[in-house]
Amino acid sequence: MVQTTAALAVYPGSFDPLHLGHVDIIDRAVQIFPRVVVGILENASKDSLFTPAERVEMIGRLYAEVPSVEVRSFSGLLVSFLKELDATIIIRGMRAVSDFEYEFQMALMNRRLYPNAETVFLTPKEEYTYLSSRLVKEVIGLGGDVSGLVPEPVLGHLQARYRKATHPPTR
Ligand code: ADP
């Protein structure tokens, strides 16, 4: 039998930006696990809106008053990050059947790479099942309103980022 350490769970993702679907999953995870590390993947090949450092800062501030939540970034394999933290539990959000195939493959691959790794799937409230970071960026990028879809401080950062993009500073 493999050995899992359930004291600490890692919730990995891009979180570019963090939206209320992610927040819902974190809220659920802290009800189950004593400590939750939100792991922000530094993915050089992916066009990102916010740098990993900006995301760590933004999400870290949001959870500054929640001692059971820690925010860190990582690069490379998730299983290496798990080992570094001495963790075995991976939290993933499952929005719909469309998430299933990819998530199932990832869970099995992670277990192959690290037999102690155990993936726990959590489902958000129905109202967040259609939400994704990509959609949030698309909507705000086209001038749509994303309030009520992202935490208030994240909304401020998004608005500032897109204002800057549409009104570049004049020389
Ligand atoms: P996104 O799809 O929003 O870009 P990430 O790559 O940051 O998300 O995903 C991190 C984790 O959060 C994944 O497990 C993903 O399934 C989960 N997740 C993303 N959006 C939601 C949502 N609306 N509700 C629940 N979980 C979600």
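Remember, predicted model here, so these are calculated numbers, not experimental data.

Caption draft 1: Here's a closer look at the environment of Leu113. If you trace the backbone, Leu113 turns up in helix α4 (residues 97–113). Since its relative accessible area comes to 37%, Leu113 is described here as partly exposed. Considered as a pair, Leu113 and Ser80 are 33 residues apart in the sequence and their alpha carbons are 9.4 Å apart. Apart from the residues within four sequence positions on either side, Leu113 is in contact with Leu77, Val79 and Lys83.

Caption draft 2: How the structure looks around the environment of Arg134. Mapped onto the elements, Arg134 comes out in helix α5 (residues 133–141). Once the C-alpha coordinates of Arg134 and Phe15 are considered, the two residues, 119 residues apart in sequence, prove to be 9.9 Å apart.

Caption draft 3: Broad picture of the pattern of salt bridges. Counted according to the given criterion, the structure contains twelve salt bridges. Among the salt bridges present, the one from Asp16 reaches Lys137, with a minimum N-O distance of 3.1 Å. Of this pair, Asp16 sits in the loop between β1 (8–13) and α1 (20–32) while Lys137 sits in helix α5, and the two are 121 residues apart along the sequence. One exposure class covers both Asp16 and Lys137, and it is buried. Residue Arg61 is joined to Glu57 by a salt bridge in which the shortest nitrogen-to-oxygen separation is 2.6 Å.

Reading the values: rules and limits
- Residues numbered from 1 in each chain as written.
- Predicted model: local features only at pLDDT ≥ 70, side-chain atom pairs only at ≥ 80, totals over all residues.
- Heavy atoms only, no water.
- Helix = DSSP H or I, 4+ residues; strand = E, 2+ residues; numbered from the N terminus.
- Buried < 20%, exposed > 50% of the residue type's maximum accessible area, 1.4 Å probe, protein only.
- Contact = heavy atoms within 4.5 Å.
- Salt bridge = Lys/Arg side-chain N within 4 Å of Asp/Glu carboxyl O.

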